[in-house]
Amino acid sequence: MPHYQVRDTTTRELLARDLADYAAAEAALDRLDDELEQDLQRNGEGAGRIRLRLDVERVTDGVTEAVGHHVLLLGTEDPPGPLPAL
């Protein structure tokens, strides 16, 4: 049975593992975004933007394949509304 995980594209650090399905991986991305935003606020870092590219990977019988990419734009002073074009 496949499972999913989330990995930082640049550092290759595994950020979430053993997720049941793609929807669970998306929920993990939301949690990561919220946690990082809170860390920025707690440290008084809100003036800039941080862009993270994350891979969603499916693992089946020990074989890992990328099945999605997400870009998180972090910054506590983000304007409301849709994200800017990349």
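Summarised in this report is the structure supplied together with it.

Cut-offs and rules
- Residues numbered from 1 in each chain as written.
- Predicted model: local features only at pLDDT ≥ 70, side-chain atom pairs only at ≥ 80, totals over all residues.
- Heavy atoms only, no water.
- Helix = DSSP H or I, 4+ residues; strand = E, 2+ residues; numbered from the N terminus.
- Buried < 20%, exposed > 50% of the residue type's maximum accessible area, 1.4 Å probe, protein only.
- Patch = residues over 30% accessible without salt bridge, like charges linked within 9 Å, V, L, I, M, F, W, Y side chains within 5 Å.
- Areas by Shrake-Rupley, 256 points an atom, 1.4 Å probe, with all protein chains shown as cover.
- Salt bridge = Lys/Arg side-chain N within 4 Å of Asp/Glu carboxyl O.
- Lys, Arg positive; Asp, Glu negative; His and termini not counted.
- Charge placed at Lys NZ, Arg CZ, Asp CG, Glu CD.
- Phe/Tyr/Trp six-rings, centres within 6.5 Å; stacked < 30°, edge-to-face > 60°.

Before going further, it helps to examine unusual backbone geometry. Positive phi outside glycine occurs at R12, with the angle close to 70°. Counting through the fold element by element, R12 comes out in the loop between β1 (3–8) and β2 (14–19). Phi is positive for D18, close to 55°, though the residue is something other than glycine. Relative accessible area serves as the criterion here: at 56%, D18 is assigned to the exposed category.

Once that is clear, we can look at a negative patch on the surface. Where like charges cluster on the molecular surface, the negative patch consists of E26, D30, D34 and E35. Relative to the elements of secondary structure, E35 occurs in helix α1 (residues 22–42).

Here we come to the packing of aromatic side chains. With the rule as written, the count across this model stands at one aromatic pair. Between Y4 and Y22 the ring centres are 6.2 Å apart and the planes differ by 90°, which places this aromatic pair in the edge-to-face class. With a gap of 18 residues between them, Y4 in strand β1 and Y22 in helix α1 connect regions that are remote in the sequence. We classify Y4 as buried; its relative accessible area is 11%.

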